[in-house]
Amino acid sequence: MNQLSASAVIASGRGQLATVRQRSLVTAKKRVLLVAVGFVFLTLTALVRIAQLGLFEQAPDRGSLADALLPPRGEITDRNGVALARAFPSYSLWFNPKALGAAGSPLVKTPEEVAHALVQIFPDADYKDLVARLKSGRGSYLRKRVLPEEANRVFALGEPALEFPRENQRYYPQGSLAANVLGYVDEEGKGHVGMEQVLEPRLLDPARRGEPVELSIDARAQGALEDELARGMAETEAKGAAGIVLDVDSGEVIAMASLPSFNPNRSDRAFNDLVFNRVSNQVYELGSAFKPITIASAIDAGVVTDLSVRYPATPLHIAGRTIHDSHAFGASLNVPEALIHSSNIVTAQVADKLGGPALRRTMIALGMNRRPTIELPARGFPIFPRGENNAGDWSRITTMTVSYGHGIAVTPLHLACAYAALVNGGIWRPATLFKLDPSRIPEGVRVFKASTSARLRQLLRMIVVDGTGRKADAPGFRVGGKTGSAEKSAAGGYRKTSLVATFAAAFPMDKPRYVVIAMLDEPHGTAATSGQRTAGWNAAPIVGRVVPRIGPLLGVVPDASRDVDISDLSPLIGNGDGE
Amino acid sequence: MILSAQRLRSIGWLALLAVCGAAVMVLSFRVNALRSQVHRAEGQIVALKQQKMYLETEFETRANQQQLKAWNDLEFGYVAPTAGQYLENERQLAALSKPADPGAPAPIRVASVDDTVIAPAAFPELAGPELSGSTQAKGLARAENGAVRKLAETHEAEPVSHGADARDADLGPGRPRALDHAQETATLAEKLGTIRPAAARKDEAHKDQAHKDQAHKDQAHKDQAHASEKTAAKKVHPAPRDERGEKRAHPAPAHAATVEKAHPKPSRESARPTKDEKKDARSGGEHKSARKAGVKTNR
């Protein structure tokens, strides 16, 4: 019984065991499958990750570097890559009254002591204003654009409330150099006055602001021009000065200066009268500097064919007015002599012979009746004689006065472009402030024949060699040019004592490369100018000093063994030494 | 046995998977590490570039044009180089070594004379194989007729005609204008050495004055010997006002008289007679005629 029951138990136990085993096997297989699936999944994930890493993430965030270095506002450079304006995270001096906690005094020392120390570091700071700000208990800028060494000195005061946040600001490393060309950027980041205003969309465009904008300006020439104009202005106690250096073959403005100027780094103070650009925005009656244009027009039209023809030099009475010369130059003068001595009378007679319409056409072709062609936003509109009849024809007296630069007021930039056309072979081109690729120089408009231009080069050179422009004769640079001293007009006529003295020149005259114009507004006769107020004594010496400084920089090598041939005209000059 | 083989196989798979997993992990770590390194390096580059920009800007600010001018005015006093400090080409360099002829004016190349035009015009006779009378005669004829326009338009060609004029004045109206061989050579020699800075020429003019006596001795024109001996006698015991010229003087080689005479070229420098020239003219030397030619075109 026991045996039977035991065997039955064994039999049933075996059966159970088999079942258990079966179950366990199934479970195990399931688990193995699960694990295998897990492993396959992991392997697949790993493979996918490897593929992802290997294929797509080789160059992590390539744009980040460029983004970090992309300036918020594009850089402006001169033609040689010298930075004139750039976005610069400069230090500011910020007063944070909560730096030492809300309670108690924000400063370690007294506000007066701190203000005194700050004035020692920044001599132009206002002591009372600083004390008021430090006492006010409100956070405020004490100063912007602090130099690193100044920041170090302020840091050494040991005041935790004085902080130096770095802020992106517009910075002009060259200070006031070319300020009138560049303009300035205000607190809101908006450009004003010069190229900052013109180039605003380009400078802020994320796609293009990484590339600097190249201007046609040469910082070295600009500096030299500003120096010498400032010196001339100081010597003659003039109200202002203007100057321009223009490439005669391309119309690129190499330097443009208007003095007194302003400091664009102090944008809070920048907007004042000084932002006014005398070169492109102010119109002047430039006087005798127009005479070469009249003579060129007459030679071009075939009115003056023989330069030895003499014209009477006695005062002219026309339409109730009398045309005088500054001095009496004898009974008669020929055209070269008239230019050398700057005779209004003879120029007026030549213009009379030429006729109003022809002179007017020349002036219009030289752009004298419209705003100067340049990128600057502020461009002065010339005062162009409207003419005495409906067709706009000039009367005899208008023609005559225009011939020596009166009754017509233009900007110095107009004159520079006209002189470029006079000496470059007769082609007028618009002026530009952008550096031009040689292949993209504008074709220009022919105003004078090449032969007329060649003749004018001789005549302009003679004025400097023998005439009123002697003081501009920089040795070896073959300067040629014409003086112009015009009385300023005022209510009821011309003021005898306030002049605009201009010297318009080009060099080297055997193959002109650059036009240089220097203009002084209301110069006085001083010891430095031998008591004279006319252009030959104040504006011409400026050109005479500027040219040797800029010539070699601009690729004009002084050479005393070269010159323009004036031997065919020199016998026409009667100065006592010749025939 | 079978079981163990199976187990071994599964252990093998396990180990392989573990290795793979570890490799993936290592790879991920390394990739991440490298990425963070790249990122850090990138950050450093940006920081350095910015720092460079700050320093550059600070440097430009401190060395800006106005600042440099202030330093120059105060400290250095540099001025722009003058014409005499430039040498344009090898010809100018060579011309420096050539002694100036007595009383020679500073040569001026007029208008925009292109060297490429001058060189063939001035040199062909020297370069050609036949340096004979026929070529010279041809060159002479050209100069006389002004047929070579390119050359005749410049001062380079002028000494020929002016020189002839001067001689005419000296030697009487009956004398033919043609130049003899020596004179032609002198004209050519002058053509070769015309380019030199005016300043140098002026200095050398002093030299030449001081040593005129030497030059005069060598003169071919004996008919003027009398006058030049007078001059020489004066120069041997220099007058006080000639001291400056004497001090500067260096021994100058003797010049052929023809070279001396071929220079009455009118130019601005020559047109204004110097003190020495005036003196010489008073003494009745051959410069009288030279000066006459110069004054003719003076302005």
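(A) Here's a closer look at the confidence of the model for chain B. All names here are of chain B. For chain B, the mean per-residue pLDDT works out to 58, and 34% of the residues sit at or above 70. No element of chain B has a lower mean pLDDT than helix 14 (residues 257-261), which averages 37, and none a higher one than helix 2 (residues 65-76), which averages 90. This stretch, residues 126-205, has a pLDDT under 50; its non-local contacts, to residues over four places away or in other chains, come to 112 contacts. Every residue in residues 212-299 scores below 50 in pLDDT, and together they form 134 contacts with partners more than four places removed in sequence or on other chains. Taken over the whole predicted complex, pTM reads 0.68, whereas the ipTM for its chain interfaces reads 0.76.

(B) Structural context of a nonpolar patch on the surface. On the surface, V40, L44, L47 and I50 of chain A together with L27 of chain B cluster together into a nonpolar patch covering about 420 Å² of accessible area. With 4 residues, the single largest contributor to the nonpolar patch is helix 1 (residues 2-56) of chain A. Mapped onto the secondary structure, L47 of chain A falls in helix 1.

(C) A look at the environment of A178 of chain A. Residue and element names in this part refer to chain A. Structurally, A178 can be placed in the loop between strand 5 (166-171) and helix 6 (179-182). Counting along the chain gives 83 residues from A178 to S261, while the straight-line C-alpha distance between them is 8.5 Å. Filtering out sequence-adjacent residues up to four positions away, A178 remains in contact with Q222 and E226.

(D) Spatial organisation of helix 16 (residues 412-423) of chain A. All names here are of chain A. For helix 16, built from 12 residues, the straight-helix expectation of 16 Å at 1.5 Å per residue is met to within 8% by its first-to-last C-alpha distance of 17 Å. Of all 12 residues that make up helix 16, 12 are buried, and the element is covered over most of its length. Of all the positions in helix 16, only P412, L413, H414, L415, A416, C417, A418, Y419, A420, A421, L422 and V423 are classed as buried. After helix 16 finishes, the residue G425 shows a positive phi value of roughly 105°.

(E) Expanded view of unusual backbone geometry. All names here are of chain A. Following L259, the chain continues to P260 via a peptide bond in cis, the omega torsion being -5°. Tracing the chain through its elements places P260 in the loop between strand 10 (253-259) and helix 10 (267-270). In the segment running from F507 into P508, the intervening peptide bond is cis, with an omega of -20°. Along the chain, the position of P508 falls in the loop between strand 18 (493-507) and strand 19 (514-521). Phi at S530 is positive, roughly 55°, even though this residue is not glycine. You can see S530 is positioned in the loop between strand 19 and helix 18 (535-550).

(F) Quick peek at the packing of aromatic side chains. All chains considered together, the criterion is met by 8 aromatic pairs over all chains. Where F477 of chain A meets F507 of chain A, the ring centres are 6.3 Å apart and the plane angle is 85°; that geometry is what we call edge-to-face. In this pair, F477 of chain A is assigned in the loop between helix 17 (450-466) and strand 17 (480-490) and F507 of chain A in strand 18, connecting sequence segments 30 residues apart. When sorted by exposure, F477 of chain A lands in the same class as F507 of chain A, which is buried. An aromatic cluster of at least three residues, connected via ring pairs, comprises F88 and Y171 of chain A together with Y54 of chain B.

(G) Spatial organisation of the sheet that holds strand 19 of chain A. All names here are of chain A. Spatial strand order, 10-9-19-18-17: 5 strands in an open sheet with antiparallel pairing. Each end of this open sheet is capped by a strand with a single partner; those strands are strand 10 and strand 17. Looking at each pair of strands side by side, their axes are set apart by 15° on average, direction ignored. Summarising the sheet, strand 9 (residues 240-247) and strand 19 pair through 8 bridges and their orientation is antiparallel. Residue pairing across strands places D247 opposite Y514, the latter belonging to strand 19. Relative to the sheet, helix 9 (residues 219-236) contacts strand 9, strand 10 and strand 19, its axis offset from that of strand 10 by approximately 30°.

(H) Examining the environment of G469 of chain A more closely. Residues and elements named next belong to chain A. By the secondary structure assignment, G469 is in the loop between helix 17 and strand 17. The exposure class assigned to G469 is buried, which follows from its relative accessible area of 0%. With 67 residues separating them in the primary sequence, G469 and G536 have C-alpha atoms 5.4 Å apart. Apart from residues lying up to four places away in sequence, G469 is in contact with I463, V464, T483 and F503.

Definitions and cut-offs
- Residues numbered from 1 in each chain as written.
- Chains lettered and ligands numbered in written order.
- Predicted model: local features only at pLDDT ≥ 70, side-chain atom pairs only at ≥ 80, totals over all residues.
- Heavy atoms only, no water.
- pLDDT = per-residue confidence, 0-100.
- Helix = DSSP H or I, 4+ residues; strand = E, 2+ residues; numbered from the N terminus.
- Contact = heavy atoms within 4.5 Å.
- Patch = residues over 30% accessible without salt bridge, like charges linked within 9 Å, V, L, I, M, F, W, Y side chains within 5 Å.
- Areas by Shrake-Rupley, 256 points an atom, 1.4 Å probe, with all protein chains shown as cover.
- Salt bridge = Lys/Arg side-chain N within 4 Å of Asp/Glu carboxyl O.
- Expected span 1.5 Å × (residues − 1).
- Buried < 20%, exposed > 50% of the residue type's maximum accessible area, 1.4 Å probe, protein only.
- Phe/Tyr/Trp six-rings, centres within 6.5 Å; stacked < 30°, edge-to-face > 60°.
- Pairing = 2+ DSSP bridges.
- Axes fitted to C-alpha atoms, helices over the stretch in contact; angles between N-to-C directions.

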